[in-house]
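# Architecture at a glance
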Amino acid sequence: MKKFYIILIIFIFLFSGCGSSEKISVSEDVRSILNSYKSSPPEIVIAIDIEMEKCMSEKNKKYVKGGYKFSLGSADIVNSGSVFYSMDSVSAGYKETVLPTEERSDSDVTEENYNPADEIKYISLSGVETSISSKSCTARAAEKVFGSVENYLKYSDFANDILFSARQYKAIDEIVSLYSDNKEYPQCMKDAGYPDVIAFGLAPKIALQKFGQYRTKDQRPHAEERAMAQADYSCQESSNIVRKAEDIFYDRVGQWLKDHEAYILQIRDIELFAKDRANKIINQS
């Protein structure tokens, strides 16, 4: 599942392109798909965990649950993790206060049993190549949940496509400026009792400074952290900073989304297919 870290690398290496000044109408279908891509579908995450744990157990390998995650919202391509899209995400608090874990899943594909001929490769719209060994538990879990490794890679790598388009058409540059120049959000946080949050995107860092790392990933945040997260969410809502960031994204990337609408609809179909299979796996476990 190393491919998800490619998202971080792309920020550094992707080149910038030219934006368009025209307003492009993005279909509701496309907007709906991107909205659903803001968080990892829980049933898919659970089903992947079930299949990974089963496969790794058969190989006498250790598997730590929760390794499969992906999400990328159009307002969250900058300061990833700073946007609260719902009250559910607020109740989870800031991931920065979660204690680091020393637990790591074993690798079921090692230098001794690795064969390049076993690699299943996929090249995303953005030109990023990822691959999975067909002999790996990841490949087996992907086939069980997504029907094929190719579907799995196409769906998960769509995050790279979103990021690429945002970078290419300079949506990221404008969103960075919005987050740094916006006055309503930090004023709201100051009024709520958090004057150190002087710009959007700093709240997670301030939460770490205030509370430290004190809880496991399965523990709810304490009352103080929940209060800060609630204030953060409320200030994001009242300042409309998330909506403004999304408006920039759709304005800049609208033509790209329109040009690739058929592909994006395929992403939706893959997700629906995987959710259905995931629920069956969960019900049978």
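Residues numbered from 1 in each chain as written. Predicted model: local features only at pLDDT ≥ 70, side-chain atom pairs only at ≥ 80, totals over all residues. Heavy atoms only, no water.

## Re the pairing of strand S1 (residues 119–123)
Test applied: The pairing criterion for strands is at least two bridges between them, as found by DSSP. Note on conventions: DSSP H or I runs of at least 4 residues are helices, E runs of at least 2 residues are strands, and numbering of each starts at the N terminus.
Examined bridge by bridge, S1 and strand S2 (residues 129–133) share five bridges and lie antiparallel to one another. What sits directly across from Glu-119, in S2, is Ser-133. Here S1 hands over to S2 after five residues, with Gly-127 in that stretch at a positive phi of 85°.

## Notes on the state of the cysteines
Our working rule: Here, a disulfide means two cysteine sulfur atoms that sit within 2.5 Å of each other. Relative accessibility thresholds used throughout: buried, under 20% of the residue-type maximum; exposed, over 50%; partly exposed, between the two (1.4 Å probe, protein chains only).
Tallying each qualifying case throughout the model produces two disulfides. The residue that forms a disulfide with Cys-55 is Cys-137, at a sulfur-sulfur distance of 2.1 Å. Its S-S torsion of approximately -80° makes the covalent link between Cys-55 and Cys-137 left-handed. With a gap of 82 residues between them, Cys-55 in helix H3 (residues 42–58) and Cys-137 in helix H5 (residues 137–146) connect regions that are remote in the sequence. Residue class for Cys-137 comes out buried when judged on its relative accessible area of 0%. Linked covalently through their sulfurs, Cys-188 and Cys-235 form a disulfide whose S-S length is 2.1 Å. Between Cys-188 and Cys-235 the sulfur-sulfur dihedral comes to about -80°; the bridge is accordingly left-handed. Linking Cys-188 in helix H9 (residues 184–191) with Cys-235 in helix H11 (residues 223–239), this pair joins segments that are 47 residues apart in sequence.

## Here we look at the confidence of the model for the chain
To keep things clear, this is the line we draw: Scored from 0 to 100, pLDDT records how confident the predictor is in each individual residue. Between two residues, a contact is recorded if the distance between any of their heavy atoms is within 4.5 Å.
Looking at the chain, the pLDDT average stands at 86 and 87% of residues meet or exceed 70. Taken element by element, the chain is modelled with least confidence in helix H1 (residues 6–13), mean pLDDT 34, and with most confidence in H9, mean pLDDT 98. Contacts of residues 1–21 to residues separated by more than four positions or lying in other chains number 47 contacts, the stretch itself having pLDDT below 50.

## A short note on the packing of helix H2 (residues 28–36) against helix H13 (residues 261–284)
Short version of the rule: Between N-to-C directions, angles cover 0 to 180 degrees, with each direction set by a line fitted to C-alpha atoms, over the stretch in contact for helices. Angle categories are assigned with fixed cut-offs, so that under 35 degrees is roughly parallel, over 145 is roughly antiparallel, 65 to 115 is roughly perpendicular, and the rest are oblique. Crossings are sorted by hand: turned counterclockwise from the far helix by less than a right angle, the near helix makes the crossing left-handed, and turned clockwise it makes it right-handed. Under the convention adopted here, Pro, Cys and the residues Ala, Val, Leu, Ile, Met, Phe, Trp and Tyr are nonpolar, Asp, Glu, Lys and Arg are charged, and Gly plus all remaining residues are polar.
Running from N to C, H2 and H13 point in directions that differ by 50°, and their axes come no closer than 10 Å. It follows from the interaxial angle that H2 and H13 lie oblique. Crossing geometry of H2 relative to H13 is assigned as left-handed. Residue-level inspection shows Asp-29, Val-30, Ile-33 and Ser-36 of H2 in contact with H13, the latter providing Glu-261, Ile-264, Leu-265, Arg-268 and Glu-271. Its residues assigned to classes, the contact of H2 with H13 comprises four nonpolar, one polar and four charged.

## Concerning unusual backbone geometry
Of note in the backbone geometry, Asn-60 takes a positive phi value of approximately 60° without being a glycine. Following the sequence through the fold, Asn-60 ends up in the loop between H3 and helix H4 (87–91). Take Asn-60: its relative accessible area is 72%, and that puts it in the exposed class. A positive phi angle, close to 60°, is found at Asn-240, a residue other than glycine. Checked against the element boundaries, Asn-240 lands in the loop between H11 and helix H12 (241–259). Exposure remark for Asn-240: the relative accessible area of 32% places this residue in the partly exposed category.

## Here we look at the environment of Lys-170
Secondary-structure assignment places Lys-170 in the loop between helix H7 (158–168) and helix H8 (171–181). For Lys-170, a relative accessible area of 34% puts it in the partly exposed group.

## Focus: the pattern of salt bridges
When the charged atoms of two side chains lie near each other, side chains of opposite charge can form a pair. Let me state the cut-off plainly: When a carboxyl oxygen of Asp or Glu is within 4 Å of a side-chain nitrogen of Lys or Arg, the pair counts as a salt bridge.
If you walk through the whole model with that rule in mind, you get 12 salt bridges. A salt bridge links Glu-246 to Lys-38; the shortest N-O distance between them is 2.9 Å. Remark: Lys-38 occurs in the loop between H2 and H3 and Glu-246 occurs in helix H12; sequence separation between them is 208 residues. You can call Glu-246 buried: its relative accessible area is 15%. In this structure, Asp-247 engages Arg-243 in a salt bridge whose closest nitrogen and oxygen atoms are separated by 2.8 Å. One end of the pair, Asp-247, and the other, Arg-243, are both in helix H12, four residues apart, so they sit about a helical turn from each other. Asp-247 sits in the partly exposed class, given a relative accessible area of 39%. What makes Arg-243 partly exposed here is its relative accessible area of 42%.

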